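Notes for the structure review
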Amino acid sequence: PQDEAKFLAQARADGWPDFSIRQLTPHDTERYVIQYINPLAPNLPAVGLDIASESNRRPAAYSAMRSGEVRLTGPITLVQSVGHPLQSFLILMPIYRGVVMPTTAQAREAQAFGWSYAPLLTDEVLKGIRPSEQAVSLELRDVTDPANPVVFYTSADERSKDIVLSHSTERDVYGRRWQIQFAVHPLFITQLGQP
C-alpha cells in the first residue's frame, strides 16, 4: 500500500493517463494489480483490478508465487464477463526477478515480480468438445472445499433428466480438485441403433 502512489504514477506514464486501482473488497495488504492484458478491448474492465481484493483470486496467486507452479483460481465471475457467474477462472504462472526460479518458498516470495495469467471462461474452453444435446451430459464441479462444492458447468437441461448410466471421477487441476460427472441419456442408447 505504501508504494501505491508511485505505482500509479508509473502506470499512468506508461500510456494509461487515467489508470486507477479497483478493489472488489477493500483491504490493506499487498496489491496484485492487473496492468496489462491482451486483447485489450474485451478485457478492458479487468485493467486496474486488484485480484488480491477477492477471496478466490488472492489465494491462487499467492499459492502460485510461493510454489513456483501454475495455479488456477476456484470458479469466479470475471469482471469482463459478469453475465456468467462462477463460470470462469484465472490461470496464473508466477514471474520472478532473475533467470533462475528461487529454490525456497521464502525466496520465491521475496523475488516475485508478478504473474502471467489468462482469464478462462468455461464455455469458451469447452467450445467444440461439448456433448451433443440430450444424448449425454457433462457436469463439472470444483470440490476443493468438500463442504462447499461449486458447479461451474453443466450441459444438462430439463429434457435430459433421465439418466441411463453415469460415471463420476475426481482430478487435480493446477492446485484445485474437480469432480467430473458424465451421464448417458436414453437418446444416446437409441442413436446406437443396436438390436
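The preceding data block contains the structure.
The structure presented is a predicted model; accordingly, all values stated were derived computationally and were not measured. (Residues numbered from 1 in each chain as written. Predicted model: local features only at pLDDT ≥ 70, side-chain atom pairs only at ≥ 80, totals over all residues. Heavy atoms only, no water.)

1. Brief notes about the overall build of the chain
Scanning the chain from terminus to terminus reveals six helices and nine strands. For 195 residues, the compact-globule estimate of 2.2 N^0.38 gives 16 Å, and the chain exceeds it by more than 25% at 21 Å. Taken along its principal axes, the extent of the C-alpha atoms in the chain is 75 × 40 × 30 Å. Within the span of the chain, comprising 195 residues, buried residues form 34% of the whole. Considering only residue pairs separated by 6 or more positions, the chain has 51% of its internal contacts joining residues 24 or more positions apart. If you sum the accessible surface of the chain, you get close to 11800 Å²; carbon and sulfur atoms cover 55% of it. Looking at charge distribution, the chain has the averaged site of its 18 positive side-chain charges lying 4 Å from that of its 21 negative ones. (Helix = DSSP H or I, 4+ residues; strand = E, 2+ residues; numbered from the N terminus. Rg over C-alpha atoms; globule rule 2.2 N^0.38 Å. Buried < 20%, exposed > 50% of the residue type's maximum accessible area, 1.4 Å probe, protein only. Contact = heavy atoms within 4.5 Å. Areas by Shrake-Rupley, 256 points an atom, 1.4 Å probe, with all protein chains shown as cover. Lys, Arg positive; Asp, Glu negative; His and termini not counted. Charge placed at Lys NZ, Arg CZ, Asp CG, Glu CD.)

2. Some words on the sheet that holds strand S4 (residues 88-96)
In any sheet, the strands associate via hydrogen bonds between backbone groups, in a parallel or an antiparallel arrangement. Taken in spatial order, the three strands line up as S3-S4-S5 in an open sheet, and their pairing is antiparallel. Each of the sheet's edge strands pairs with one partner strand only, and the pair in question is strand S3 (71-72) and strand S5 (112-121). Note: S4 against S5, nine bridges, orientation antiparallel. Considered in S5, the bridge of Tyr 96 is made with Ala 112. Contacting S3, S4 and S5, helix H3 (residues 57-67) crosses the sheet at an angle of about 30 degrees to S4. (Pairing = 2+ DSSP bridges. Axes fitted to C-alpha atoms, helices over the stretch in contact; angles between N-to-C directions.)

3. A few points about the sheet that holds strand S8 (residues 165-173)
Taken together, four strands build an open sheet; the order of strands is S7-S6-S9-S8 and the sheet is antiparallel. Of all strands in the sheet, those with a lone pairing partner are strand S7 (150-154) and S8, marking the two edges. Recorded for the sheet is a direction-independent mean angle of 20 degrees between the axes of neighbouring strands. Pairing geometry for strand S6 (residues 136-142) and S7, over four bridges, is antiparallel.

4. Thoughts on the packing of aromatic side chains
A complete count under the given rule lists six aromatic pairs for this structure. Aromatic pair Phe 152 and Trp 178: ring centres 4.8 Å apart, planes at 55 degrees, arrangement tilted. Taken together, the residues span a long stretch of sequence, with Phe 152 in strand S7 and Trp 178 in strand S9 (residues 176-184) at a distance of 26 residues. Of the two residues examined, Phe 152 and Trp 178, each falls in the buried class. An aromatic cluster of at least three residues, connected via ring pairs, comprises Phe 7, Trp 16 and Phe 19. (Phe/Tyr/Trp six-rings, centres within 6.5 Å; stacked < 30°, edge-to-face > 60°.)

5. Points about the pairing of S9
With seven bridges joining them, S6 and S9 adopt antiparallel strand pairing. Residue pairing for S9: Val 136 is matched across the bridge by Val 184. In this structure, S8 lies alongside S9, joined through nine bridges in antiparallel fashion. Across the sheet, residue Arg 171 finds its bridge partner in S9, namely Trp 178. Here S8 folds back onto S9, and the loop between the two strands holds two residues, one of which, Tyr 174, carries a positive phi near 45 degrees.

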